[in-house]
Amino acid sequence: MGTPSLPDKMILVLNITDPIGETEHARTLTDPLASAGVTIGDVIETLDRARTDDRVKGLLLSLDNAGMELAHIQELRAAVKRFRTSGKFAHIYTASFADLGSGIGAYYLASSFDEIWMQPVGMVSITGLSLEMPFAKDALDKFGVNPQFLHREEYKSAMESFTNSHMSAPNRESMQSILDDLSGQIFTDIAADRKITSLKLQPFIDRGLLTGDDALKGGIIDNLDYADVLLDKSREQITGEKNSKEPAIVLVEDYYASTIGSKEHSDDADVALVRIAGEIIPGAEPKPGYATGDYIAHAIMDAANDKTIKVIVARVDSPGGSPSASETIRRSLVYA
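Here goes a summary of the coordinates provided. (Residues numbered from 1 in each chain as written. Predicted model: local features only at pLDDT ≥ 70, side-chain atom pairs only at ≥ 80, totals over all residues. Heavy atoms only, no water.)

### Structural notes on the overall build of the chain
The following threshold applies: Secondary structure elements are defined from DSSP: runs of H or I of at least 4 residues count as helices, runs of E of at least 2 residues count as strands, and each element is numbered from the N terminus. Relative accessibility under 20% of the residue-type maximum defines a buried residue, over 50% an exposed one, and the middle range a partly exposed one, all with a 1.4 Å probe and only protein chains included. Contacts between residues were defined by any pair of non-hydrogen atoms, one from each residue, lying within 4.5 Å. Here the accessible surface of atoms and residues is derived via Shrake-Rupley with a 1.4 Å probe, and residues count as covered only by protein chains that are part of the display. In this tally, Lys and Arg are treated as positive and Asp and Glu as negative; His is ignored, and so are the chain termini. Note on charges: their place is set at NZ of Lys, CZ of Arg, CG of Asp or CD of Glu.
The helix and strand inventory of the chain stands at twelve helices and twelve strands. On the principal axes, the C-alpha backbone points of the chain span a range of 70 × 55 × 35 Å. Expressed as a percentage of the 336 residues in the chain, the buried residues total 38%. When contacts within the chain are restricted to residue pairs at least 6 apart in sequence, long-range pairs at least 24 apart make up 73% of them. Element-wise, carbon and sulfur atoms account for 53% of the exposed surface of the chain, whose accessible area totals about 18800 Å². Treating the 33 positive side-chain charges of the chain as one cloud and the 50 negative ones as another, the clouds have centres 3 Å apart.

This is how it looks when you write it as structure tokens:
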């Protein structure tokens, strides 16, 4: 089956109904929340290619409040803003920014678009950030369980949930520092993108939940209407004609398959991308959802020994893992 052909004029559409992840793999009983569809790297590469493609007139993103990692949101935000520098529009639509509790992540992504559309009955929840940590020591004490773990320095607090009844001072200091830093990044970016001051934004954060009308009046969103209206307005913006059926709608996945995913795309043939995604574990064979140390190290060294490869990019999305496997990967990077 060949790749889909592309029209001379098009609007790209990205539907985010599931989290976009670092790698693509099917959901299973052991990993039911695995990301689906194109990867975050695919989407970013697609937007960067579309930015300079005269056939692409704009971008519509439909968001279903699917949870995404903060790093991926920030990467996608940056790609959307680069796309907009070409003079093309980028509009986002969602039914609500509050259906699954706080919608701060979804709204943070939305703020990078030039227009935010929301369904009339939708609501906006852009509360501040919080971190929680459960502690099981008291429960373990009732069963006579005495957990013992190797503790390396005071800020290594991963096992405190089992050894402590409450958060230690170094752990609290570390978590508070992370929380303050992330909050500062998110709300500073939102205020700048929406062209409002932090002082004006703060009352909306403090209120926690906004009706659509309040969000519209406060400049938090731009339009209260439906997705079909957004599509009609976007086409009219391009053609100058009401109720136009042009340009055609093309899914980001199809555009990727027809351009970047085809033989036509060979710009980066001298760049090797090595993905280090998931918990790092020992092993010489790939394992879905994990980063196996020897397997990745061999890939890096193979790329280093390939005379046609000029640059090696190591893309890391990992919580850490085996120290020895991590060191194996690190040494291969030094070798490269």
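After that view, the rundown keeps rolling.
### Notes on the pattern of salt bridges
Operational definition: The term salt bridge refers to a pairing of a side-chain nitrogen on Lys or Arg with a carboxyl oxygen on Asp or Glu at a separation within 4 Å.
For the structure shown, the criterion picks out 13 salt bridges. Between Arg315 and Glu22 there is a salt bridge, with the nearest N and O atoms lying 2.1 Å from each other. With Arg315 in strand β12 (residues 311–317) and Glu22 in the loop between β1 (10–16) and α1 (40–51), the pair connects residues that are 293 residues apart, well separated along the chain. On the accessibility criterion, Arg315 (18% relative accessible area) is buried. Among the residues examined, Glu22 registers a relative accessible area of 5% and is labelled buried. Two residues, Glu327 and Arg330, come together in a salt bridge whose shortest N-O distance is 2.9 Å. Here the residue Glu327 and the residue Arg330 both occupy positions in helix α12 (residues 323–335), the gap between them amounting to three residues, near one helical turn. Each of Glu22, Glu75, Arg275 and Arg315 takes part in one network of salt bridges that share partners.

### Description of the pairing of β1
Put simply, the rule is: The rule for pairing is simple: two strands pair if DSSP sees at least two bridges between them.
Counting buried residues along β1, six of its seven residues qualify, which places the element largely inside the surrounding structure. Across seven bridges, the pairing between β1 and strand β2 (residues 56–63) is parallel. Paired with Ile16 across the strands is Leu63, a residue of β2. Here four bridges tie β1 to strand β8 (residues 248–251), and the two strands are oriented parallel to one another. Directly across from Val13, in β8, lies its bridge partner Leu251.

### Side note on helix α7 (residues 198–207)
Here is the rule we go by: Arc definition: it is the arc formed by the directions from the helix axis to the C-beta atoms.
Among the residues making up α7, those that are buried are Leu201, Phe204 and Ile205. Along α7, the residues classed as buried sweep out an arc of 100° about the axis, all on the same side. Facing away from the buried side of α7 by more than 90 degrees, the exposed set consists of Leu199 and Asp206. In this fold, the buried residues of α7 make contact with α6 (169–193), β6 (210–211) and α8 (212–217). At the C-terminal side of α7, Gly208 shows a positive phi close to 85°.

### Observations concerning the nonpolar core
To keep things clear, this is the line we draw: Definition of nonpolar core: a set of buried residues of the types Ala, Val, Leu, Ile, Met, Phe, Trp, Tyr and Cys, connected through side-chain atoms within 4.5 Å.
The biggest cluster of nonpolar side chains holds 52 residues, and the ones touching the most others in it are Phe97 and Ile220. Per-element accounting of this core gives the leading share, six residues, to helix α3 (residues 104–110). In contact with Ile220, not counting residues within four places along its chain, are Tyr107, Ile116, Val124, Ile126, Arg194, Leu201, Phe204, Leu210 and Ala215. If you look at the next biggest cluster of nonpolar residues, it comprises eight residues, including Val274, Ile276, Ile296 and Ala325.

### Brief notes about the environment of Gly128
Checked against the element boundaries, Gly128 lands in the loop between β5 (123–124) and α4 (137–142). Distance from Gly128 to Ile104, taken between C-alpha atoms, is 7.7 Å for residues 24 residues apart in sequence.

### A closer look at the packing of α6 against α7
We apply this condition: Helix axes use the C-alpha atoms of the stretch in contact, all axes being lines fitted to C-alpha atoms, and the angles between their N-to-C directions lie in the range 0 to 180 degrees. For any helix crossing, the convention is left-handed if the near helix is rotated counterclockwise from the far helix by under a right angle, and right-handed if that rotation is clockwise. Three classes are used: nonpolar for Ala, Val, Leu, Ile, Met, Phe, Trp, Tyr, Cys and Pro, charged for Asp, Glu, Lys and Arg, and polar for all others, with Gly counted as polar.
Interhelical geometry of α6 versus α7 gives an angle of 115° and a closest axis separation of 10 Å. Here α6 runs over α7; the crossing is right-handed. Contact with α6, carried on its side by Phe187, Ile190 and Ala191, involves Ser198, Leu201 and Ile205 of α7 and no other residues of that element. Across the contact of α6 with α7, the residue classes break down as five nonpolar, one polar and no charged.

### A short note on a nonpolar patch on the surface
The following threshold applies: For patch building, the residue pool is restricted to those with more than 30% relative accessible area and no salt bridge; the joining distance is 9 Å between like charges and 5 Å between nonpolar side chains (Val, Leu, Ile, Met, Phe, Trp, Tyr).
A cluster of nonpolar side chains, namely Val271, Leu273, Val311 and Val313, defines an oily patch on the protein surface of about 290 Å² accessible area. Elements that contribute at least two residues to the nonpolar patch include exactly β9 (271–277) and β12. Structurally, Val311 can be placed in strand β12.

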